[in-house]
Amino acid sequence: MSDLVTRFAPSPTGHLHLGHAHSALFGWREARRGGGRFLLRIEDIDPNRCRPEFERDLIEDLSWLGLEWDGSVRRQSEHLDEYRAALARLAGMGVAYPCFCTRKDIAAEIARAGAAPHGPDGPLYPGTCRHLSESVRAERIAAGDAWAMRLDVGAALRLTGPLRWHDRAQGWQTATPELLGDVVLARKDTPTSYHLSVTLDDHLQGVTLVTRGEDLFVATHTHRLLQALSGFEPPDYHHHGLLRNAAGERLAKRDRAQSLRSLRAEGASAAAVRALAGFPDESKD
Ligand code: GLU
């Protein structure tokens, strides 16, 4: 067995669709081709959107599709203390700060500033809370104001210096975490965020090749920075293209007609669904 480790990391916020099947089969095939291991991780840190029945159903759907994973399933909601500790280390390095802004505050600040820098997903956090003094922070925390923790990208890059990461499809990349700006590391309601937990988990689980959709390509710049701050060896990446519906739009969980469950209910075989997901030749036999 080689050292290659890939993973599929769905969030149980709805039923899996063909796009998820493509992503899962992609990681599984890479592990099989390389004689490595394939892991399943449940990214269920959002208590408002994740549901145990979606987790149960996605595990059943993946098994029905013919996928097998190695070792036990890691469920992020069971590791909140590890994320808290990782966050405390970053805060101790001076690269994370509490942010008291509501969505409304952020929108108002962006409107006031006139020209806010934009990232691929819209305007970036304008940095309102980055420069609050320690005494104002302490006062607001003591007053019971809710706060999130954000990454101070500028301070972080000053510590790490320039960074690179590698994508198997697109080659070497210069890390530009400025594209997403001061992302949230821990939300007001949860002691972590997607960026923090995914970086820590890929490291702790020994993932050597992160396979995921190209919609997450930009996030990898941020993840590379978090890896460097934490002293983690970066994995290799392969961001794959996204499956699209007949209208050329990305498949989303709301496209119920494309869910694995509905295809199965209509009588599609697992082999037929694997073919629809772009893997006509894969089977576990
Ligand atoms: N949990 C993320 C999602 O469902 C995927 C995370 C990743 O592959 O890095 O979109």
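1. Some thoughts on the sheet that holds strand β7 (residues 148-151)
Phase 1 of the analysis: Spatially, β4-β7-β10 is the arrangement adopted by the 3 strands of the open sheet, whose pairing is antiparallel. For this open sheet the edge positions go to β4 (96-99) and β10 (184-186), each flanked by a neighbour on one side alone. Neighbour-to-neighbour, the strand axes of the sheet open up by a mean angle of 45 degrees, direction not taken into account.
Phase 2 of the analysis: Pairing of β7 with β10, which is carried by 2 bridges, proceeds in the antiparallel orientation. Paired with M149 across the strands is A186, a residue of β10.

2. Side note on the packing of aromatic side chains
Phase 1 of the analysis: Summed over the entire model, instances satisfying the criterion amount to 3 aromatic pairs.
Phase 2 of the analysis: Here the aromatic rings of F26 and F279 are separated by 6.5 Å at their centres, their planes lie at 80 degrees, and the arrangement is edge-to-face. One end of the pair, F26, is in helix α1 (residues 18-33); the other, F279, is in the segment after α10 (270-276), with 253 residues separating them in the sequence.
Phase 3 of the analysis: Overall, F279 belongs to the buried group, its relative accessible area being 4%.
Phase 4 of the analysis: With 5.5 Å between their ring centres and 70 degrees between their planes, W165 and Y237 make a pair best called edge-to-face. Taken together, the positions of W165 in strand β8 (residues 164-167) and Y237 in strand β12 (residues 236-240) put the pair 72 residues apart, joining distant regions of the chain.

3. Description of the sheet that holds strand β1 (residues 5-8)
Phase 1 of the analysis: Spatially, 3 strands are ordered β1-β2-β3 in an open sheet, and the strand pairing comes out parallel. Only two strands of the sheet have a single neighbouring strand rather than two, namely β1 and β3 (74-75).
Phase 2 of the analysis: Alignment of β1 against strand β2 (residues 37-42), held across 4 bridges, turns out to be parallel. Paired with R7 across the two strands is L39, which belongs to β2.
Phase 3 of the analysis: Where helix α2 (residues 52-65) meets the sheet, its contacts fall on β1, β2 and β3, and the angle it forms with β2 comes to roughly 160 degrees.

4. Some remarks on the side chain of D182
Phase 1 of the analysis: Inspection of the secondary structure puts D182 in the loop between β9 (171-174) and β10.
Phase 2 of the analysis: A polar side-chain atom of D182 sits 2.6 Å from a polar atom in the side chain of Y97.
Phase 3 of the analysis: In this structure the side chain of D182 is engaged in a polar contact, spanning 3.0 Å, whose partner is the backbone nitrogen of V153.
Phase 4 of the analysis: Ignoring anything within four residues of it in the chain, the contact list for D182 reads Y97, Y125, R130, R150, L151, D152 and V153.

Conventions we followed
- Residues numbered from 1 in each chain as written.
- Predicted model: local features only at pLDDT ≥ 70, side-chain atom pairs only at ≥ 80, totals over all residues.
- Heavy atoms only, no water.
- Pairing = 2+ DSSP bridges.
- Helix = DSSP H or I, 4+ residues; strand = E, 2+ residues; numbered from the N terminus.
- Axes fitted to C-alpha atoms, helices over the stretch in contact; angles between N-to-C directions.
- Phe/Tyr/Trp six-rings, centres within 6.5 Å; stacked < 30°, edge-to-face > 60°.
- Buried < 20%, exposed > 50% of the residue type's maximum accessible area, 1.4 Å probe, protein only.
- Contact = heavy atoms within 4.5 Å.
- Polar contact = N/O pair within 3.5 Å; in protein donor to acceptor, adjacent residues only side chain to side chain.

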